[in-house]
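# Observations on the model geometry
Okay, here's what each chain looks like letter by letter:
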Amino acid sequence: MRPIQMVDTKTQYHKIKSDVDKEVLDVLESSAFINGKPVQDFAANLSAYLGVKHTIPCANGTDALQIAMMALGFQPGDEVITPSFTYIATTEVIALLKLTPVFVEVDPKTFCIDPTALEKAITPKTKAIVPVHLYGHAAPMEEIMAIAKKYDLFVIEDNAQAIGCDYTFSDGTKKKTGTIGHIGATSFYPSKNLGAFGDGGAIFTNDDELAVKLKMIANHGQSKRYYHDVVGCNSRLDTIQAAILDIKLRHLDEYTIARRAAADFYDKSFAGNPKIKTPYRAPFSHHVFHQYTMILEGVDRDGLNQFLAEHKIPSMIYYPVPGHKQKMFEQFGTASQVMPVTDWLTGRVISLPMHTELDEEQLKFITNKVLEYVNK
Ligand SMILES: *Cc1c(COP(=O)(O)O)cnc(C)c1O
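Because the structure is a prediction, the values reported are computed rather than measured. (Residues numbered from 1 in each chain as written. Predicted model: local features only at pLDDT ≥ 70, side-chain atom pairs only at ≥ 80, totals over all residues. Heavy atoms only, no water.)

### Section: the side chain of S351
Mapped onto the elements of the fold, S351 is located in strand 14 (residues 349–352). Within polar-contact distance, the side chain of S351 engages the side chain of T293 at 2.8 Å. (Helix = DSSP H or I, 4+ residues; strand = E, 2+ residues; numbered from the N terminus. Polar contact = N/O pair within 3.5 Å; in protein donor to acceptor, adjacent residues only side chain to side chain.)

As structure tokens, this is what we get:
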């Protein structure tokens, strides 16, 4: 059996090696390391794939979120509502920009922001909502957009874990996550569903005016060369990464199919086990399984993690500490916030290996070992 990894980027690379190597060598030969043609090509191809008007490439997913928030003209002290149960990048940029993060609960089924909790958290200072499509499952965007409209708020989607995910509205129309809110942000970190061979990110919008602002902010606030109208930053996707991503984009749907097949195998193996709650798939979301995260009931999670490690099966806890309890946010006094759903999930979730290269032998081995421990 091939060694089991949380993410197997190497095997994935070897399947497209000749294409990737050729494109990378072409970039080296052109020496257009910054803003070379592949950057514009990839942005255009990604816009077409997602069905969005503008894609602004940038250096990473955290920058994408930061630039999105910088473009919306918020003032220090403005409130941004976000789930506590997410990766730190989502919430960190809020505080970095001197805005106030307001943490709300998630729905324990979808792991995404709970619209009822979200609406309750709105105050006259609220300016934006940042839903996260966690683990590759879409947040309930239709409800979120309706709330945003009612209270005149901006929606910035954190799509770092769900690129390629289709959202189906109640009238049957579909849109890709990341293109539904006013702005979408994504990451091309190597382990993400569309991963570069280094760092990368992108910002999406259908709004022409916002697109101009986002582009400007990502490029030192520059309107024309050496004329800087607003305070911005320096955030670029380099040409080599864009060239690689453009190739991988052509395989993204296949990658999603492979991830979903692995998830189906896990689901089937664990079906009916009272101690394992397999990931829920809401009818509105075409789950792209960035992670396969299950909830354990009455199982010693650290014990399972340890037992799997002894059999060379990696497993991870995403995330062991929710945002509202992070020391980083001490000044906001959120640690004392009562968040039973988030705390409950934090203590019970475990993620199994999930990537595009898992074979049946590996999946059988993993599920057998999980069941051996859980049923003992
Ligand atoms: C990965 C990730 C980010 C940040 O992306 P980077 O490219 O690592 O900066 C933001 N939000 C979520 C939910 C992520 O998973």
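Further notes follow.
### Notes on the packing of helix 4 (residues 61–71) against helix 5 (residues 88–96)
Pairs of packed helices are described in terms of their axes, by the angle between the two and the distance that separates them. Contact geometry of helix 4 with helix 5 gives a least axis separation of 9 Å together with a crossing angle of 40°. Between helix 4 and helix 5, the interaxial angle falls into the category oblique. Note that helix 4 runs across helix 5; the crossing there is right-handed. Between helix 4, through T62, L65, Q66 and M69, and helix 5, the contact on the second element is made entirely by A89, T90, E92, V93, I94 and L96. (Axes fitted to C-alpha atoms, helices over the stretch in contact; angles between N-to-C directions. Parallel < 35°, antiparallel > 145°, perpendicular 65-115°, else oblique. Left-handed = near helix turned anticlockwise from the far one by under 90°. Contact = heavy atoms within 4.5 Å.)

### Describing helix 7 (residues 141–151)
Residues separated by three or four positions in an α-helix point in the same direction, a consequence of the helix having 3.6 residues per turn. Of the positions making up helix 7, those classed as buried are M141, I144, I147 and A148. Buried residues of helix 7, viewed axially, fall in a sector of 125°; they line one side. The exposed residues of helix 7 that point more than 90 degrees off its buried face are K149 and K150. Of the surrounding secondary structure, the elements contacted by the buried residues of helix 7 are helix 6 (115–120), strand 4 (126–129), strand 5 (154–158) and strand 6 (166–168). Of the residues trailing helix 7, D152 is marked for its positive phi of about 55°. (Buried < 20%, exposed > 50% of the residue type's maximum accessible area, 1.4 Å probe, protein only. Arc of directions from axis to C-beta.)

### Here's the deal with the domain arrangement of the protein
Taken domain by domain, the protein consists of domain 1 (9–249) and domain 2 (252–374). Centre-to-centre, using C-alpha coordinates, domain 1 lies 24 Å away from domain 2. Tallying the contact residues gives 45 residues for domain 1 and 37 residues for domain 2. Both faces considered, domain 1 and domain 2 share a buried interface measuring about 3600 Å² in area, 63% of it formed by carbon and sulfur atoms. Taken as a group, F103, Y135 and N193 account for 19% of the area that domain 1 buries against domain 2, more than any other trio of residues on that side. Across the contact surface, domain 1 and domain 2 share one salt bridge. Residue K15 is joined to E357 by a salt bridge in which the shortest nitrogen-to-oxygen separation is 2.5 Å. Here domain 1 and domain 2 share 22 residue pairs in polar contact (both at pLDDT 80 or more) between them. Of all the elements in the fold, those that place two or more residues in the side of domain 1 that touches domain 2 are helix 1 (9–15), helix 5, strand 3 (100–104), strand 6 and helix 9 (239–270). A per-class count over the side of domain 1 that touches domain 2 returns 24 nonpolar, 14 polar and seven charged. (Domains from an automatic or database assignment. Buried area = accessible area lost by both parts, 1.4 Å probe. Salt bridge = Lys/Arg side-chain N within 4 Å of Asp/Glu carboxyl O. Nonpolar A, V, L, I, M, F, W, Y, C, P; charged D, E, K, R; others polar.)

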